[in-house]
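# Analysis of the macromolecular model
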Amino acid sequence: MEYLGIDLSCAMGSLRNGEFPEKDCLLPLISKLLGYILVAASITVKLPQIMKIVHHKSVRGLSVVAFELEVVGYTISLAYCLHKGLPFSAFGEMAFLLIQALILVACIYYYSQPVPMTTWVRALLYCAVAPTVLAGQINPTLFDALYASQHAIFLFARLPQIWKNFRNKSTGELSFLTFFMNFAGSIVRVFTSIQENAPVSILTGFALGVFTNGTILSQILMYQKAAAPKEKKAN
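Now for a description of the structure that goes with this document.

### Remarks on the overall build of the protein
Looking only at helices and strands, one finds 9 helices and 2 strands in the protein. In the protein, the succession of helices and strands from N to C terminus is β-β-α-α-α-α-α-α-α-α-α. Per-residue burial over the protein gives 40% buried out of 235 residues. Excluding contacts between residues fewer than 6 apart, the proportion of contacts in the protein whose partners are at least 24 apart in sequence is 81%. On the protein, roughly 12,800 Å² of surface is accessible, and the fraction owed to carbon and sulfur atoms is 70%.

Here it is as structure tokens:
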């Protein structure tokens, strides 16, 4: 009995016999279900950040380079997963995250007028290269090297934002909800990657996501908590 690539025969058989499914039967099922839940949740993960920027008409405290690198990282990650032929439940959210990340960067550009010429050059370069990478029309060895660098890209996509938060002692317009979902999603992906026997390179990327998203999430909690007494005094 299979539904959406999820084999339910093992679990259903155990339940019919009045038994609780064994670990080897239950963990793969949970992994698949969490994967699809994560894909569904990814449709809205960046909307809180986008809405916060649009509502306040401000990108205060946001690192433009950080969000641009995030787009590059999602592009490489999605292309690599497609190239490796992984099941949709293992990477489906990357497609939705990439679309939202592109919208987010567009919002940052719009509310960062005037946009420097160097920023437009980076945007045009991405538009020229991304279709080729997503289509997998590059040398396989180069593809592996590109994906290996993807981990560094995601790491450096977070470091400018982490440093900016630390330097300003403020997280500006960063959305707590977006980074909480990023953090939770990275934890789930570590689990599903192990269950899906994904390559170590993919598992490493999600583990880095747990660390970097967790760091920014803690900064949001810490600096917003510190800002609250100041606002009360001002009032």
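So much for the structure itself; the text now carries on.
### Some details on unusual backbone geometry
With an omega of -5 degrees, the peptide bond running from Gln-113 to Pro-114 counts as cis. Even without a glycine there, the phi angle at Lys-57 is positive, about 50 degrees. Its place among the elements puts Lys-57 in the loop between helix 3 (47-56) and helix 4 (64-84). Of note in the backbone geometry, Lys-169 takes a positive phi value of approximately 55 degrees without being a glycine. Here Lys-169 is to be found in the loop between helix 7 (140-168) and helix 8 (176-195). On the basis of relative accessible area, Lys-169 is assigned to the partly exposed category, the value being 48%.

### Quick notes on the nonpolar core
One recurring pattern in soluble globular proteins is that nonpolar side chains are buried together. Residues Ile-53, Leu-62, Phe-67, Tyr-74, Ile-108, Leu-174 and Ile-202 are the most contacted members of the largest nonpolar core, which totals 39 residues. When residues of this core are traced back to their parent elements, those giving at least two are helix 3, helix 4, helix 5 (88-110), helix 6 (117-134), helix 7 and helix 9 (200-234). When residues in this core are grouped by element, the largest group, 9 residues, is from helix 5. With residues up to four places along the chain from it excluded, the contact list for Ile-108 reads Ile-53, Val-59, Leu-62, Val-64 and Phe-67.

### Looking at the pattern of salt bridges
Under the counting rule described, the total for this entry stands at 4 salt bridges. A salt bridge links Glu-68 to Arg-122; the shortest N-O distance between them is 2.8 Å. Taken together, the positions of Glu-68 in helix 4 and Arg-122 in helix 6 put the pair 54 residues apart, joining distant regions of the chain. Classification of Arg-122 as partly exposed rests on a relative accessible area of 37%. A salt bridge links Glu-70 to Arg-158; its shortest N-O distance comes to 2.6 Å. A residue pair is termed long-range when its members are at least 10 positions apart, and Glu-70 in helix 4 and Arg-158 in helix 7 qualify at 88 residues. The exposure class assigned to Glu-70 is buried, which follows from its relative accessible area of 1%. The class for Arg-158 is buried, based on a relative accessible area of 7%.

### Overview of the environment of Gly-172
Along the chain, the position of Gly-172 falls in the loop between helix 7 and helix 8. Judged by its relative accessible area of 13%, Gly-172 falls in the buried class. C-alpha of Gly-172 to C-alpha of Ser-58: the two residues are 114 residues apart in sequence and 9.2 Å apart in space. Excluding anything up to four places from it in sequence, Gly-172 contacts Lys-52, Arg-60 and Gly-61.

### A look at the packing of helix 4 against helix 7
In contact at an axis separation of 8 Å, helix 4 and helix 7 are set at 150 degrees when each is read in the N-to-C sense. Classed by the angle they form, the pair helix 4 and helix 7 counts as roughly antiparallel. Crossing of helix 4 over helix 7 shows left-handed handedness. For the contact of helix 4 with helix 7, a count of residues per class yields 16 nonpolar, 5 polar and 4 charged.

### Things to note about the packing of aromatic side chains
Using the criterion set out here, one finds 6 aromatic pairs in the structure. Between Tyr-80 and Phe-143, the aromatic rings sit 6.2 Å apart at their centres with planes inclined by 70 degrees, giving edge-to-face as the arrangement. Of the two residues, Tyr-80 is situated in helix 4 and Phe-143 in helix 7; the sequence distance between them amounts to 63 residues. Like Tyr-80, the residue Phe-143 is buried in the burial classification. Note on Phe-176 and Phe-180: the rings are 6.0 Å apart at their centroids and 20 degrees apart in plane angle, and the pair reads as stacked. Of this pair, Phe-176 and Phe-180 both sit in helix 8, 4 residues apart, which is roughly one turn of the helix. Phe-180 sits in the partly exposed class, given a relative accessible area of 40%. Positioned above the aromatic ring of Phe-166 is the side chain of Lys-169, whose terminal nitrogen or guanidinium carbon lies 4.1 Å from the ring centre.

Analysis parameters
The numbers attached to residues start from 1 for each chain and follow its sequence in the written order. This being a predicted model, a pLDDT of at least 70 is required before a residue's local features are given, and a value of 80 or more before pairs of side-chain atoms are given or counted; all residues contribute to the totals for chains, interfaces and linings. No hydrogens and no water enter the side-chain calculation; it runs on all heavy atoms of the structure. What counts as a helix is a DSSP run of H or I of at least four residues, what counts as a strand is a run of E of at least two, and both are numbered from the N terminus. Exposed residues in this analysis have more than 50% of their type's maximum accessible area, buried residues have under 20%, and partly exposed residues fall in between, with area computed by a 1.4 Å probe over protein chains only. In what follows, residue pairs with any heavy atoms lying within 4.5 Å of each other are defined as contacts. Computed with the Shrake-Rupley method and a 1.4 Å probe, the accessible areas treat only the protein chains shown as cover for residues. Residues belong to a common nonpolar core when they are buried Ala, Val, Leu, Ile, Met, Phe, Trp, Tyr or Cys residues joined through side-chain atoms within 4.5 Å. Take a side-chain nitrogen of Lys or Arg and a carboxyl oxygen of Asp or Glu: if they are within 4 Å of each other, that pair is a salt bridge. Every axis corresponds to a line fitted to the C-alpha atoms, with the helix fit spanning only the stretch in contact, and the corresponding angles, defined between N-to-C directions, vary from 0 to 180 degrees. By definition in this entry, angles of less than 35 degrees are roughly parallel, angles greater than 145 are roughly antiparallel, angles of 65 to 115 are roughly perpendicular, and the rest are oblique. In this scheme, a crossing is called left-handed if the near helix is turned counterclockwise away from the far one by less than a right angle; it is called right-handed if the turn is clockwise. Amino acid classes used here: Ala, Val, Leu, Ile, Met, Phe, Trp, Tyr, Cys and Pro are nonpolar; Asp, Glu, Lys and Arg are charged; the rest, including Gly, are polar. Working definition: rings of Phe, Tyr and Trp (its six-membered ring) pair if their centres are within 6.5 Å, and the pair is stacked with planes under 30 degrees apart, edge-to-face with planes over 60 apart, and tilted otherwise. As a reminder, the over-ring test applies to NZ of lysine and CZ of arginine, requiring each to be within 6 Å of the ring centre and within 35 degrees of the ring normal.

Interpretation in functional terms is not warranted from these geometric data alone.
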